[in-house]
Amino acid sequence: MNTVRSIQDEILKLKKEKDICILAHAYQSQDIWEVADFVGDSYGLSLQAAKAAQKNVLLCGVRFMAETVKILSPHKNIFLSHPQAGCPMAQQISASQLTELKKQYPGYTVAAYINTTAELKTVCDVCVTSSSAVKIIRSLDSRNILFVPDCNLGAWIAGQVPDKNIRLVSGGCPAHAGISPQRAEQMKKRYPDAKLLVHPECLPEVSAQADYTGSTTEIMDYAKNSPDTAFIIGTENSIVEHLQFACPEKQFYALSEDCVCSNMKLTTLMDVWHCVHGTGGEQITLADSVIAQARRCIDTMLTLGS
């Protein structure tokens with residue numbers, strides 16, 4: 001009978017034999033983390049993929065992340081662990097819709113959250129991540145910014161960079177946006193000694209109650225390094241488990257039991273097993289023109305965010 005450990009051992013063996021680098025997004029499960037070469041957010045994983053010596057890269061996450069890895073490493077073979085793993089936010093606005101929207105805001109610099117498709121990135125000026133957004137938006141020469149697609153992240157950025165005129169569209173992460181301000185109030189009353197840490201994809205009314213707002217990686221680093229011993233985690237609930245493993249001496253509570261990314265949860269350890277055996281996953285292919293055009297806004301992000 002197979003066990004988690006025996007499956008993991010076979011994956012570790014085969015990835016070396018087949019020259020595969022496994023990247024796991026932070027929202028993947030602990031058993032997948034343990035077989036990955038790198039764990040992190042979408043932007044960090046893309047950079048690690050570009051640096052990795054392996055010619056084959058398996059992305060355990062969602063499609064836009066695998067596309068970003070392909071854009072930064074076009075010469076490598078990039079695979080998505082589960083073909084149906086998408087991102088609702090990435091599908092909220094198309095390249096043609098953004099092209100029409102740009103006509104309403106002539107002269108505006110278009111900043112796109114990295115949680116967007118490769119096609120959308122071809123008509124944007126710069127990409128941002130939740131951790132780099134404030135620095136990049138502040139560094140732009142233009143005062144007028146059209147930010148897509150997450151209006152909650154955009155509102156949080158606008159609050160940090162008041163000298164910019166930031167126009168938003170209606171979009172965002174359903175899991176994070178589903179957390180109500182009332183829920184934040186309830187959890188703070190239930191655990192009065194716990195620090196509330198939230199992702200900027202949450203509603204502004206939730207972020208306003210937080211002791212700290214930051215990217216997933218920043219939230220984890222804050223909790224690990226803080227002298228405090230109790231935390232309410234306002235991002236995807238897998239982070240609660242990962243922090244419990246990393247800091248068993250501390251207490252972690254999910255802000256909402258409903259903050260779950262169903263697309264991230266599609267990937268299982270057995271999906272990874274099938275991928276390294278060559279019987280699962282999907283190879284990501286992008287037209288050279290898409291790679292070249294989408295790369296421009298990512299390169300601008302790398303320049304301004306460095």
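Each remark here, short or long, concerns the structure printed above.
Residues numbered from 1 in each chain as written. Predicted model: local features only at pLDDT ≥ 70, side-chain atom pairs only at ≥ 80, totals over all residues. Heavy atoms only, no water.

Draft legend 1. Quick peek at the nonpolar core. With 91 residues, the main nonpolar core has Leu98, Val148, Ile157, Ile233 and Leu255 as its most contacted residues. Of all the elements, helix H4 (residues 63-72) adds the most residues to this core, at 6 residues. Discounting chain neighbours no more than four positions away, the residues touching Leu255 are Ile179, Arg183, Ala184, Met187, Leu196, Val198, Val206, Ile232, Ile233 and Gly234. Among the nonpolar cores identified, the runner-up in size contains 16 residues, and Ile7, Val35, Cys60 and Trp273 belong to it. (Core = buried A, V, L, I, M, F, W, Y, C linked by side-chain atoms within 4.5 Å. Buried < 20%, exposed > 50% of the residue type's maximum accessible area, 1.4 Å probe, protein only. Helix = DSSP H or I, 4+ residues; strand = E, 2+ residues; numbered from the N terminus. Contact = heavy atoms within 4.5 Å.)

Draft legend 2. Spatial organisation of the sheet that holds strand E7 (residues 144-148). Pairing is parallel across the open sheet formed by 4 strands, whose spatial order is E6-E5-E7-E8. The open sheet terminates on both sides in strands that have one partner only, identified here as strand E6 (126-128) and strand E8 (165-168). Taken pair by pair, the neighbouring strands of this sheet meet at an average axis angle of 30°, ignoring direction. Both strand E5 (residues 109-113) and E6 contribute to a ladder of 3 bridges, which runs parallel. Across the sheet, residue Tyr113 finds its bridge partner in E6, namely Val128. Packing of helix H8 (residues 151-160) onto the sheet brings it into contact with E5, E7 and E8, and relative to E8 it is tilted by some 170°. (Pairing = 2+ DSSP bridges. Axes fitted to C-alpha atoms, helices over the stretch in contact; angles between N-to-C directions.)

Draft legend 3. Local environment of the sheet that holds strand E13 (residues 282-283). The 5 strands are arranged E2-E1-E3-E4-E13 in an open sheet whose pairing can be described as mixed. Single-partner strands in this sheet number two, and they are strand E2 (38-40) and E13. Bridge count for strand E1 (residues 20-25) against strand E3 (residues 56-60) is 5 bridges, and the pairing is parallel. Residue pairing for E3: Ala24 is matched across the bridge by Cys60.

Draft legend 4. Inspection of the packing of helix H3 (residues 42-51) against H4 at higher detail. Orientation of H3 relative to H4, taken along the N-to-C sense of each, is 35°, at an axis distance of 9 Å. The way H3 lies across H4 gives a crossing that is right-handed. Residues Ser42, Ser46, Leu47, Ala49 and Ala50 of H3 touch H4, and the partners they reach there are Phe64, Met65, Thr68, Val69 and Leu72. Taken together, the residues that form the contact of H3 with H4 break down as 7 nonpolar, 3 polar and no charged. (Left-handed = near helix turned anticlockwise from the far one by under 90°. Nonpolar A, V, L, I, M, F, W, Y, C, P; charged D, E, K, R; others polar.)

Draft legend 5. Representation of unusual backbone geometry in the model. Across the junction of Val148 and Pro149, the peptide omega takes the value -10°, indicating a cis bond. Note that Pro149 resides in the loop between E7 and H8. Positioned with a positive phi, Asp19 is a non-glycine residue whose angle comes to about 55°. In this structure, Asp19 sits in the loop between helix H1 (4-17) and E1.

Draft legend 6. Layout of the packing of aromatic side chains. Taken as a whole and judged by the stated rule, the model has 4 aromatic pairs. Considering the side-chain rings of Tyr105 and Tyr108, the 5.2 Å spacing of their centres and the 65° angle between planes classify their relative orientation as edge-to-face. On the numbers, 4.6 Å between centres and 20° between planes, the contact of Tyr212 with Tyr222 is stacked. Of this pair, Tyr212 sits in strand E10 (residues 212-213) while Tyr222 sits in helix H12 (residues 216-225); the two residues are 10 residues apart in sequence, bridging distant segments of the chain. Note on Tyr212: relative accessible area 24%, which makes it partly exposed. (Phe/Tyr/Trp six-rings, centres within 6.5 Å; stacked < 30°, edge-to-face > 60°.)

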